Amino acid sequence: MNPHRRRRVTTSLAAGTAATLALTLLTAAAASAEPVQHIPNGTFTSGTTGWWSTENAPISVVDGRLCAQVPGGTANAWDVSLGHNGVPLIDGAAYALSFRASASAAVSIRANVQLNEEPYTTALSRTVALTAEAQTFEYEFTAGLDSPNGTLTFQLGGSTDAFTFCLDDVSLTSDDAASPPDGPEQIENGDFADGMTDWYSYGTTSAGVDDGRLCSAVPAGLSNPWDAGIGQNGIPLVAGSSYTFAFDASATPGATIRANVQLGAEPYTSFLSRDVVLTGSSQRFEYTFTASADTTAGQVAFQLGGSAAAYTICLDNVSLVGGAEDPPYVPDTGPRVRVNQVGYLPAGPKNATVVTDATAALGWQLKNAAGDVVADGNSTPRGVDAASGQNVHSIDFGSFRTAGTGYTLVADGQTSHPFEISGTVYQQLRSDALQFFYIQRSGIEIDGDLVGEEYARPAGHVGVAPNRGDIDVPCRADGCDYRLDVRGGWYDAGDHGKYVVNGGIAVQQLMSTFERTKTAATAGHGAALADSTLRVPERGNKVPDILDEARWEIEFLMRMQVPAGRQFAGMAHHKMHDANWTGIPMQPEDDPEQRELHPVSTAATLNLAATTAQCARLFAPYDAAFAGRCLSVARTAYTAAKANPAKIAQDLGGGGGGYGDNDVSDEFYWAAAELYLSTAEQAFLNDLTASPHHTGDVFAATGFGWGSTAALGRLDLATVPNLLPQADRQRVRQSVADAADRYLATLRSQAYGLPMPGNAGSYFWGANSNILNNVQVLATAYDLTGDVKYRDGALQGVDYIFGRNALNQSYVTGWGEKSSQNQHSRIFAHQADAGTPHPPAGSLAGGANAGLDDPYAKDLLEGCKPMFCYVDHIESYATNEVAINWNSALTWVSSFLADQGTGQQAAGVSCDATYTDYGSWQGNGGFTAQVTLTNTGTTVIDGWTARFAFLGGQRVREAWSVVATQEGATVSATNNSTNRRIQPGQTVYFGFNATTPGGPNPAPELITVNGSACR
């Protein structure tokens, strides 16, 4: 349940009670010279709204007039009263009061405008003689006193006999509105120029920005005002400070809403609450009040429920002015010694950065948890770091290798955050990074038993009201004559949109995380990513859990393909998302917006082709039918893209990001590469080798991403066994090592040790993922060459992500002493709504962005040095959003890190291995192969198991000289009694017959014996 639905505001407008709030109501967006109306419901078209009476004179509206039954026999005029509170009294301001009134018997009453608190001083007091015939009374006066807490009161007591009093056409105006309180604007995006950013909505059937106004359709029959609403959270209020709350509003066909400024969490204390009568014409409303408490969790809430008839409300120019100016923002950077707050591998590199004014070397000490000094040395001065503007020193304590927890580094009188030295320091990170995807799933209930009850929620976007669902989605702006079922997949980022180009790179990196286990010596043939290793509901189905997660997205991507027989058949829609932006928080199941397909694009179509081609080879050992479907979709998409090579993405607006890309040559290269790897067909080889990207430099200094995907094709061509000509394959592999060398040089030049240049242009939206993608290149170079410099570069490259940076900030939730926890998200919105959780552990923030591409960051961080252009705040979507393609980079890298163990290459067997394919059988249904193993070490190998993996769906049928088993694509061949012992220099052989579904069958390039890679 959305927590807003449980909110109830307690208000009291009892007669004679001194109100603590005052209001100024304008019937239009008035200029200062226009009279200001203080009685919003003077014609009683909204019943008795805004009016009070004493208990002995109940009021009701009869024939359009407010009438009260006045008892006889009361002693004083004020013993029976009715009136309207919230009248500001301004010394020197001219007022005009008018009304029509009658009584069932001739009687005199008193009309007062006065203070609504002791000493109840009057600004106007007139005796009014009434008859049975209604008369109009008009009075002009000057207030003569200042107070925000005035009241218009009709005192009716003192008569011997009972009578009926009736009132109509009440007006109280002044020629000068109260001066607005001094202070800053507290509302963000009050003109809705940035869509619904910073605003939430719930309980309505739609909410979005139309022609610059936030409009929402409110259903009929909601029991309470708080059953539906629009608002903004996180508003600071200062006790004793005055505020002016103002907004333009209309309702069609008309409605009464409740406007509140209140505490945004239990007990939802009200600072201001007014029932507001809206008509079809936009009116300007202003309310002045004094806050009664200090809070940083204030809330503006328009409560919209309780109407018997449906209506549409529109808001604009919402403002809350007052309070104190925010002090200049100074980030809390903690100790000046910056370390990887997670930790280091015992045999890996260990580096830190010290922020200091010193220009000469500083002494440093490494202390254990008990405070004992276990290592010391001197820092290396690095001068002023361009990215941070800080004078810094570097510390290298890599020679210390003792595992332990609670280590700290001390230098220049500062003590770092604690960290660990351990061979398991990154083990849990792999699982945490991957759980993000399950929790981001669309169209499925999230199981709290798997990921924690705080993340449990119903299935989102399955068409359960108020949700419109993804099962039957039209095109935006009549862009197609069909509707698609596009359920499933992952929500892209902080919103509920689903984007093919972002989903493409994300699912590729997940699949590549698994595919690496077939080719990388440290990956353990995928044991850590096997079935039942992750927190997914499909565990136990004999499919690696990471592939189960990838399949959830792949099936969504395939649903985005245009059906046969339609225009652009075979192409993919670029994206689908809400027709209008929704606010924060907004749980997927509560999203009331219409979902819409956006036009097809060549980029999206090639993403679909590339990922489904990769899917075909990876799923072949587990689900041949699904693998076949993937390959069929890939072929169709690639053909459609070639037929429409320049269908550039169109952004038709609505509640989602654009993801435009004017150059799709990189996507063509990537798709051709994946199709060639999965089919070995000459046509795809021709396309990829003809691409300028095949021989060009695809590894930019600032990394690759969703808009630059050629690197994905290059990395797979380098690592996945294939039939490229040997010289070309070697050139491709060398290009990865060459890029890694450049990243190492960049890393060494950066005082904070990250493989990214230090200029402002290298700090952009989502740059943390690009840093990790450069780490992936370093790690891949290690997998290809075994050169430890690349592994050490990858290990050092993540130090920045985990706290070795100018802000002393770990960008991964739950990892490090000070980690991001308020990322921009509608689902994980704890900062905006305490009823929702923080992002789950393992969620990566986008990171420092010198472009300051959101209003919150721009206002707060203007003039920042690049590395300081970040704030852990939910409103800063350009520095602090979560996204699937950022967490996919973290997933790939964290899996690599976890595979490195202590960082010490374990002693094992030394061997050479040769794999020989003797060719296919007649009919090409299978093949025969032999493996030759030679002991190149100096000791006997006594008992052995050799392992290797096929490219796709090949399966061993029978083997000789070994006992062979197969799980997925991975074959385990264990010695028999006759060849158990392999003497130094001795060679043994084993062979097998295997079936194949067809397609390429390259020799495995990684063969291990007892876990050690053979040459």
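None of these values were measured; they are calculated from a predicted model.

**A look at the packing of helix H10 (residues 710-719) against helix H11 (residues 726-749)**
Part 1 of the reasoning: Between H10 and H11, whose axes approach to 9 Å, the crossing angle comes to 120°. Here H10 is positioned oblique relative to H11, judged by the angle of their axes. The two elements H10 and H11 meet at a crossing, and its hand is left-handed. Residues Arg 714, Leu 715, Leu 717, Ala 718 and Thr 719 of H10 form the contact with H11, whose participating residues are Arg 729, Val 732, Arg 733, Ser 735 and Val 736.

**Considering the pattern of salt bridges**
Part 1 of the reasoning: If you walk through the whole model with that rule in mind, you get 36 salt bridges.
Part 2 of the reasoning: As a salt-bridge pair, Asp 275 and Arg 258 come within 3.0 Å of each other at their nearest N and O atoms. In this pair, Asp 275 is assigned in strand E18 (residues 270-278) and Arg 258 in strand E17 (residues 255-263), connecting sequence segments 17 residues apart.
Part 3 of the reasoning: Here Asp 275 falls in the partly exposed class, since its relative accessible area comes to 35%.

**With respect to the environment of Arg 110**
Part 1 of the reasoning: Along the chain, Arg 110 turns up in strand E7 (residues 107-115).
Part 2 of the reasoning: Judged by relative accessible area, which is 29%, Arg 110 ranks as partly exposed.
Part 3 of the reasoning: The spatial distance from the C-alpha of Arg 110 to the C-alpha of Val 128 is 5.7 Å, given a sequence separation of 18 residues.
Part 4 of the reasoning: When neighbours within four sequence positions are excluded, Arg 110 is seen to be in contact with Ser 125, Arg 126, Thr 127, Thr 153, Phe 154 and Gln 155.

**Quick notes on the sheet that holds strand E40 (residues 945-949)**
Part 1 of the reasoning: The strand order across the open sheet built from 5 strands is E42-E43-E40-E46-E47, with neighbouring strands paired in antiparallel fashion. Each edge of the open sheet is held by one strand with a lone partner, namely strand E42 (962-967) and strand E47 (1012-1013).
Part 2 of the reasoning: Here strand E46 (residues 1008-1009) pairs with E47 via 2 bridges, running antiparallel. Within E47, the position partnered with Thr 1008 by the bridge is Ala 1013.

**A closer look at a negative patch on the surface**
Part 1 of the reasoning: A contiguous patch of negative charge on the surface is contributed by Glu 445, Asp 447, Asp 449, Glu 453 and Glu 454.
Part 2 of the reasoning: Position of Glu 454 relative to the elements: it lies in the loop between helix H2 (448-451) and strand E32 (498-499).

**A word on helix H16 (residues 884-899)**
Part 1 of the reasoning: Its 16 residues give H16 an end-to-end C-alpha distance of 22 Å, which sits within 8% of 22 Å, the value for a rise of 1.5 Å per residue.
Part 2 of the reasoning: By the criterion of burial, H16 is predominantly enclosed, with 16 of the 16 residues buried.
Part 3 of the reasoning: Downstream of H16 by a residue or two, Gly 901 has a phi angle that is positive, lying close to 55°.

**Observations regarding the packing of aromatic side chains**
Part 1 of the reasoning: Counted according to the given criterion, the structure contains 43 aromatic pairs.
Part 2 of the reasoning: Each ring, one from Phe 436 and one from Phe 437, has its centre 5.8 Å from the other, and the planes form 90°; the classification is edge-to-face. Comparing Phe 436 with Phe 437 shows no difference in burial state: the two are buried.
Part 3 of the reasoning: Ring centres of Phe 437 and Trp 490 lie 4.7 Å apart, and the angle between their planes is 55°; on these two criteria the pair is classed as tilted. You can see Phe 437 sitting in helix H1 (residues 427-439) and its partner Trp 490 sitting in the loop between H2 and E32, a full 53 residues away along the chain.
Part 4 of the reasoning: With a relative accessible area of 1%, Trp 490 lands in the buried category.
Part 5 of the reasoning: Through successive ring pairs, a cluster of aromatic residues spans Tyr 344, Trp 364, Phe 397, Phe 400, Tyr 407 and Phe 419.
Part 6 of the reasoning: The ring centre of Trp 892 lies 5.8 Å from the NZ or CZ of Arg 516, which sits over that ring.
Part 7 of the reasoning: The ring of Phe 626 carries the charged tip of Arg 551 above its face, separated from the ring centre by 3.8 Å.

About the cut-offs
- Residues numbered from 1 in each chain as written.
- Predicted model: local features only at pLDDT ≥ 70, side-chain atom pairs only at ≥ 80, totals over all residues.
- Heavy atoms only, no water.
- Axes fitted to C-alpha atoms, helices over the stretch in contact; angles between N-to-C directions.
- Helix = DSSP H or I, 4+ residues; strand = E, 2+ residues; numbered from the N terminus.
- Parallel < 35°, antiparallel > 145°, perpendicular 65-115°, else oblique.
- Left-handed = near helix turned anticlockwise from the far one by under 90°.
- Contact = heavy atoms within 4.5 Å.
- Salt bridge = Lys/Arg side-chain N within 4 Å of Asp/Glu carboxyl O.
- Buried < 20%, exposed > 50% of the residue type's maximum accessible area, 1.4 Å probe, protein only.
- Pairing = 2+ DSSP bridges.
- Patch = residues over 30% accessible without salt bridge, like charges linked within 9 Å, V, L, I, M, F, W, Y side chains within 5 Å.
- Areas by Shrake-Rupley, 256 points an atom, 1.4 Å probe, with all protein chains shown as cover.
- Lys, Arg positive; Asp, Glu negative; His and termini not counted.
- Charge placed at Lys NZ, Arg CZ, Asp CG, Glu CD.
- Expected span 1.5 Å × (residues − 1).
- Phe/Tyr/Trp six-rings, centres within 6.5 Å; stacked < 30°, edge-to-face > 60°.
- Lys NZ or Arg CZ within 6 Å of the ring centre and 35° of its normal.

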